[in-house]
Every structure is written in structure tokens, then in C-alpha cells.
Amino acid sequence: MARRKFIVGTNFKMNGSRAFLQDLVENLNRADLDSNVGNEEVHPIFISPPSLYIEHVRQNLRKDIAVGGQNCFWKSSGAFTGEISAEMLKDVGADYVILGHTERRTLFKESDTDIGLKVVHALQTGLKVIACIGETLSERESNTTLQVLFRQLQAIIDHVQNLDLNQEEKWKDLVIAYEPVWAIGTGRVAAPEQAQEVHAAIRRRVGEICGLEVAETVRIIYGGSVNLGNALQLARERDVDGLFVGGASLRPEFVQIYMGAGRGEGYRTWYLLFKDILRNLDIPSSTASMFNLPVPRPHSAEGFVSQVGP
Ligand code: PEP
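- As annotated in an unreviewed UniProt entry, the protein chain carries the name Triosephosphate isomerase and comes from Linnemannia schmuckeri.
- According to its UniProt record, the protein chain has this under Subunit (unreviewed entry): "Homodimer."

## Here we look at the site of the ligand
Item 1. Surrounding the ligand, one finds Asn-11, Lys-13, His-101, Glu-179, Ala-183, Ile-184, Gly-185, Gly-224, Ser-225, Phe-244, Gly-246 and Gly-247.
Item 2. Between the ligand and Lys-13 there is a distance of 2.6 Å, counted from an oxygen atom to a side-chain nitrogen or oxygen.
Item 3. Interatomic distance of 2.7 Å between a backbone N/O atom of Ser-225 and an oxygen atom of the ligand.
Item 4. Relative to its free-state accessible area of 290 Å², the ligand is covered by the protein chains to the extent of 96%.
Item 5. Grouping the amino acids of the shell around the ligand by side-chain chemistry returns three nonpolar, seven polar and two charged.

## Re the packing of aromatic side chains
Item 1. One pass over the full model with this rule turns up five aromatic pairs.
Item 2. Note on Phe-46 and Phe-244: the rings are 6.3 Å apart at their centroids and 40° apart in plane angle, and the pair reads as tilted. Of this pair, Phe-46 sits in strand β2 (residues 45-47) while Phe-244 sits in strand β8 (residues 242-245), and the two are 198 residues apart along the sequence.
Item 3. Residue Phe-244 is classed as buried on the basis of its relative accessible area of 2%.
Item 4. Cluster of aromatic residues (ring-pair linked, three or more members): Phe-46, Tyr-96 and Phe-244.
Item 5. Cation over ring: Arg-104 sits above Phe-108, and NZ or CZ is 4.2 Å from the ring centre.

## Description of helix α1 (residues 18-30)
Item 1. Look at α1: 18 Å from first C-alpha to last across 13 residues, which is about the 18 Å you get at 1.5 Å a residue.
Item 2. Among all positions of α1, only Leu-21, Leu-24, Val-25 and Leu-28 are buried. Taken around the axis of α1, the buried residues stretch over an arc of 100°, which confines them to a single face. In α1, the exposed positions that point more than 90 degrees away from the buried face belong to Ala-19, Asp-23 and Arg-30.

## What about the pairing of β8?
Item 1. Because side chains alternate across β8, one face comprises the buried residues Gly-242 and Phe-244, and the other comprises Leu-243 and Val-245, equally buried.
Item 2. Across four bridges, strand β1 (residues 7-10) lies against β8 in parallel orientation. Within β8, the position partnered with Thr-10 by the bridge is Val-245.

## A look at the side chain of Asn-71
Item 1. Mapped onto the elements, Asn-71 comes out in the loop between β3 (66-69) and α3 (86-91).
Item 2. Of the residues examined, Asn-71 reaches a relative accessible area of 13% and is grouped as buried.
Item 3. Ignoring any residue separated from it by four or fewer positions in sequence, one finds Asn-71 in contact with Glu-83, Ile-84, Leu-89, Val-97, Ile-98, Leu-99, Arg-104, Glu-110 and Lys-118.

## Brief notes about the sheet that holds strand β5 (residues 128-133)
Item 1. Pairing in this closed barrel of eight strands is parallel, and the strands run β1-β2-β3-β4-β5-β6-β7-β8 around the ring. Taken over all neighbouring pairs, the strand axes of this sheet differ in orientation by 25° on average, direction set aside.
Item 2. Bridge count for strand β7 (residues 219-223) against β8 is two bridges, and the pairing is parallel. Bridge pairing links Gly-223 to Phe-244 in β8.

## Observations regarding the environment of Leu-174
Item 1. Among the structural elements, Leu-174 can be located in strand β6 (residues 174-178).
Item 2. With a relative accessible area of 2%, Leu-174 lands in the buried category.
Item 3. Sequence spacing of Leu-174 and Ala-131 is 43 residues, and the spatial spacing of their C-alpha atoms is 7.2 Å.
Item 4. With residues up to four places along the chain from it excluded, the contact list for Leu-174 reads Val-119, Leu-123, Val-129, Ala-131, Ile-156, Val-160 and Val-218.

## Describing the packing of helix α7 (residues 145-161) against helix α9 (residues 192-210)
In a pair of packed helices, the angle between the axes and the distance between the axes together describe the arrangement.
Item 1. The N-to-C vectors of α7 and α9 enclose an angle of 40°; their axes lie 11 Å apart at closest approach. On the basis of their axis angle, the class for α7 and α9 is oblique. Considering how the two elements wind past one another, α7 and α9 form a crossing that is right-handed. Side by side, α7 and α9 meet where Leu-146, Leu-149, Phe-150, Leu-153, Gln-154, Ile-157 and Gln-161 of the first sit next to Val-198, Ala-201, Ile-202, Arg-205, Val-206, Ile-209 and Cys-210 of the second.
Item 2. Broken down by class, the residue content of the contact of α7 with α9 amounts to 11 nonpolar, two polar and one charged.

Calculation criteria
- Residues numbered from 1 in each chain as written.
- Predicted model: local features only at pLDDT ≥ 70, side-chain atom pairs only at ≥ 80, totals over all residues.
- Heavy atoms only, no water.
- UniProt positions renumbered as here; feature names shortened; annotations may be inferred.
- Near = heavy atom within 4 Å.
- Polar contact = N/O pair within 3.5 Å; in protein donor to acceptor, adjacent residues only side chain to side chain.
- Areas by Shrake-Rupley, 256 points an atom, 1.4 Å probe, with all protein chains shown as cover.
- Nonpolar A, V, L, I, M, F, W, Y, C, P; charged D, E, K, R; others polar.
- Phe/Tyr/Trp six-rings, centres within 6.5 Å; stacked < 30°, edge-to-face > 60°.
- Helix = DSSP H or I, 4+ residues; strand = E, 2+ residues; numbered from the N terminus.
- Buried < 20%, exposed > 50% of the residue type's maximum accessible area, 1.4 Å probe, protein only.
- Lys NZ or Arg CZ within 6 Å of the ring centre and 35° of its normal.
- Expected span 1.5 Å × (residues − 1).
- Arc of directions from axis to C-beta.
- Pairing = 2+ DSSP bridges.
- Contact = heavy atoms within 4.5 Å.
- Axes fitted to C-alpha atoms, helices over the stretch in contact; angles between N-to-C directions.
- Parallel < 35°, antiparallel > 145°, perpendicular 65-115°, else oblique.
- Left-handed = near helix turned anticlockwise from the far one by under 90°.

And the structure:
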């Protein structure tokens with residue numbers, strides 16, 4: 001079974017200018033990133049400037065970092081004023097596209113079906129897709145987190161499963177981003193255990209619908225107020241396969257976030273192994289919390305949301 005390669009992505013949103021992006025590109029070009037960056041079939045790092053600047057960024061950025069768009073339509077061309085297509089993104093050098101971001105869902109009224117259509121069209125065009133799902137604060141507080149996430153996920157899965165490809169081909173370029181809406185741009189990050197709990201639930205759901213192989217290989221990344229202070233803790237969780245960085249990706253600390261969390265796969269493997277061993281030891285919870293060790297947390301499907309609040 002293929003190992004899930006950790007991925008760190010960004011969302012610049014509607015920010016930047018040629019000059020600003022040029023500085024940012026030069027900063028990334030100078031950075032001493034892990035020598036393995038970009039050597040994999042799937043890029044472990046990508047940046048997403050506004051679409052107008054993608055070509056400029058692609059031409060000037062080191063080639064071991066991928067470039068992505070923040071949205072695209074589900075048609076290749078035609079009378080769709082103001083839209084851009086997946087084909088156009090590819091044409092100017094993008095490898096990725098972010099779809100279903102909460103700002104697209106709420107401000108631009110994109111439905112679950114719109115997002116499903118966009119995801120399959122982008123995949124068919126050969127883009128790698130970051131498909132975002134996430135619950136609002138009121139949904140979390142009313143204990144409907146999983147219901148909301150599973151509804152959003154189902155719309156994506158329904159469209160992807162209809163593709164005339166085998167399971168591996170359908171899923172190889174699709175990354176799911178769990179982005180709790182209450183954590184986006186608020187400075188209020190999900191606790192690592194909260195993220196882990198949701199990621200594990202999403203993976204289980206994918207498994208129920210698409211089979212174990214897909215569930216074990218699909219990457220589920222976390223986004224929402226990731227910064228230098230919390231990235232490593234989040235990255236250590238077993239089902240957190242990457243980070244999606246908004247605000248902090250526009251600051252020089254992004255390189256350090258990547259270096260701290262995205263790199264050191266070997267370290268991460270050992271850490272997870274160590275954590276599992278500790279979990280299986282009979283350590284009293286008082287001792288465990290004194291030393292900040294992992295304690296087994298009982299949770300049922302119903303108990304899930306009420307136990308963890310933002
Ligand atoms: C985002 O908008 O996708 C995001 C993760 O933003 P931030 O990191 O600023 O919360």
C-alpha cells in the first residue's frame with residue numbers, strides 16, 4: 001500500500017501584486033528546502049497565487065515547488081463571463097486547483113453539486129485537486145459536524161466515483177482538505193486531537209464508500225489558522241497528511257512551517273510509532289497529562305462533537 005506523502009499547500013486568496021509575489025518567489029527560491037522536495041510524483045509543496053499571476057509565478061519560481069489556482073469552472077470554454085477553466089490553469093503552468101473553499105461556498109454560493117462537477121472536470125483535465133470541506137461554528141455547536149462534512153464529501157465522492165477510471169486513477173490526484181470554517185482566518189486553530197478525530201472520521205467514511213485501499217491512500221490535510229506555533233503539533237497526528245496554510249503563507253514563516261512540519265518524514269514515522277506504544281501502555285491519565293503524553297480518549301460517533309469544542 002502506498003505511503004501517504006505529506007503535503008503542504010497554500011492559499012494566497014485575493015492578495016498580492018507582481019512586486020509582492022516576486023519577493024515571495026525570491027524568498028522561496030533562496031530557501032534551503034528539503035532536497036527531496038519535488039522529487040516525488042506528487043509535489044509535497046504548492047503555492048496558489050491569484051490566477052492572474054500564476055504564469056508570472058510559474059516562470060520565476062523554482063521548479064520543485066508546484067503552483068495552483070484557487071478555483072475553476074466545470075466547462076472547458078464558452079459563454080461564462082468572468083470564469084476560468086481547468087484547461088486554462090494548466091495552460092499557464094498550474095498543477096493544482098483548490099475547489100470548494102468555504103469562501104466559494106458561502107460568498108459565491110457554490111453548492112455541493114457545483115463543487116462535485118468542478119472536481120471531476122479538473123481531475124479529467126489533469127490537475128491535482130484540493131477539495132475543501134468544513135463545518136461552521138454553529139454546525140459544530142449543534143453537533144452536526146460529521147453530518148455536514150459527510151454531506152459535502154458525498155457530493156464530491158458521487159461525482160468522482162462516476163468517472164470511467166479504476167479506483168486508483170480516480171483518487172490519485174485528489175486531496176481532501178478539512179478546513180473548519182471557524183478556524184479559517186480567525187487565529188482559532190483546531191486542537192491536534194480535534195483535527196485527528198475529524199480526519200479519522202473522514203477516512204472511515206471514505207473507506208465505507210470507496211473501500212479500504214482508497215481510504216488508506218487518500219491524503220486528508222488540515223487548514224485553518226495554521227502557523228509556526230501549531231504546525232508541528234498538527235502534523236504529528238496520524239491522519240493529518242498535510243497542512244493547508246492561508247494567512248501565514250504570505251509571510252516568510254511559511255518556509256519554516258514547511259521545514260518543521262512537512263519535512264522529516266522519518267521523524268514523523270518514529271513519533272507515531274512511539275505514540276502508539278504509549279497509548280497501549282497502561283499509564284494513569286494523571287501521569288500522562290503531567291508529561292503531556294497521549295491518553296486514550298473514549299469516543300463514540302454520538303459523543304464526538306460534544307467532547308470537542310473549538
Ligand atoms: C484558508 O483560507 O484556506 C486558510 C487555511 O486560511 P488561514 O490559514 O488564514 O486560516
